Amino acid sequence: MSLAPDAVAPRLLRAFLAVVDELHFTRAAARLYIAQQALSRDVRRLERELGVELFVRTTRQVALTPDGERLVPYARRVLEAQDALVGAFRQARPLLVDLNSPGLATGVRVLRRARELVPDVELLARYESGLTYAAAEILAGRLDVSFGRFAGLDPAVRARLAQQPVRYEPMAVILPEDHRLAALDAVPLAELRGETVYAGAGNPRTPEWTELARELFAGRGIDLAPAVPLVVGEEEFARVMAKTRTPVLAVVDFPPMPRSVLRPLVDPVPLSPVSLVWRKGFTHPGLDALRRAAMERAGAEVWLSYPEDGWIPATDALIMMSFT
């Protein structure tokens, strides 16, 4: 075996040991909170860098080769040393987690479960309104983690961040309680033809949401409401809606608003892609817990199941299917 230690990234060794422990690529990928394709790619890269074959793979089983067995104790010692090094210098500080806005359920459920997983680690909630603003705060070191539409960020910003898909969240519309569509259990998109719908235009914190709405409305005869001053608080929301009678694009778990009704959108079902987002290279036990919690919630509540009649922009679909 021709070993080049300076060329072997710890990530590759973690991928190798996860497969060693599970002897199953799918289970090992789930354990690391990564896609199976990413795990297989890391194992192949490690094999290339070492110049050996580490596993014998068949359709029914995975087994270590002699070179793989030889590598195991070395890999464990390297990772134990790295973990000790990181632990010695990691700042014992709270993890700052942006939940976008109070009442949005996806981030809240993930955060609640993460706190159960690491009760001795402080995870503090923040409310920064949108991922565009939160991403800038993450890169500046003033925030650690956020939730939102990763594809809506500038590519140069995405290149400095990592993400894990959490949910395809069905979209909805908030209507005045006496609106012509309020009596429906669900609102077909075709019924919004001729309507002007507000989707955060002009809000510098949430352009990724406005752009998602613009793509959804295109060709459907739905107008995007122009920019208006940002409304803060339930009573102000109710007052402005009563005055303008403008429907508002939302998600199905949006909190109830006074004198308004929330109706899911159908035919097709538009989806808001939600990812967990953090700075590349950042490590923290709270982030590990959030990633595990996101995977647990997504599995338990089928958050990443794509409906047959779902709608999502092509760029979002590609990003949601491949993650770090």
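Asks: What is the right way to look at the nonpolar core in this model?
Replies: Soluble globular proteins tend to pack their nonpolar side chains together in the buried interior. Among the nonpolar cores identified, the biggest contains 26 residues, and Phe-16, Val-19, Leu-39, Leu-46, Leu-54, Phe-55 and Leu-71 are the most heavily contacted of them. Counting only elements with at least two residues in this core, the list comes to helix H1 (10-22), helix H2 (25-32), helix H3 (36-50) and helix H4 (66-89). Per-element accounting of this core gives the leading share, 8 residues, to H1. Setting aside its immediate chain neighbours within four residues, Leu-71 contacts Phe-16, Leu-46, Leu-50 and Leu-54. Leu-95, Val-110, Ala-162 and Leu-276 belong to the second-largest nonpolar core, a separate cluster that totals 23 residues.

Asks: Even after reading the chapter, I still don't get unusual backbone geometry, so can you show me in this structure?
Replies: Across the chain, the bulk of peptide bonds are trans and the bulk of non-glycine residues have phi less than zero. Note the cis peptide between Asp-267 and Pro-268, where omega equals 0°. One non-glycine residue, Asn-100, lies in the positive phi region at around 75°. By secondary structure assignment, the location of Asn-100 is in the loop between strand E3 (95-98) and helix H5 (105-117). Overall, the relative accessible area of 14% leaves Asn-100 in the buried class. Positive phi is not limited to glycine here, since Val-302 has a value of about 55°. With respect to the secondary-structure elements, Val-302 resides in the loop between helix H10 (285-300) and strand E13 (310-311).

Asks: I'm lost on the side chain of Ser-146 in this one. Help?
Replies: By the element assignment, Ser-146 lies in strand E5 (residues 145-148). What makes Ser-146 buried here is its relative accessible area of 0%. For Ser-146, the side chain forms a polar contact with the side chain of Asp-98, separated by 2.6 Å. The residues contacting Ser-146, other than those within four sequence positions of it, are Asp-98, Asn-100, Leu-131, Ala-134, Ile-138, Ser-275, Leu-276 and Val-277.

Here is what the cut-offs are and how they apply
- Residues numbered from 1 in each chain as written.
- Predicted model: local features only at pLDDT ≥ 70, side-chain atom pairs only at ≥ 80, totals over all residues.
- Heavy atoms only, no water.
- Core = buried A, V, L, I, M, F, W, Y, C linked by side-chain atoms within 4.5 Å.
- Buried < 20%, exposed > 50% of the residue type's maximum accessible area, 1.4 Å probe, protein only.
- Helix = DSSP H or I, 4+ residues; strand = E, 2+ residues; numbered from the N terminus.
- Contact = heavy atoms within 4.5 Å.
- Polar contact = N/O pair within 3.5 Å; in protein donor to acceptor, adjacent residues only side chain to side chain.

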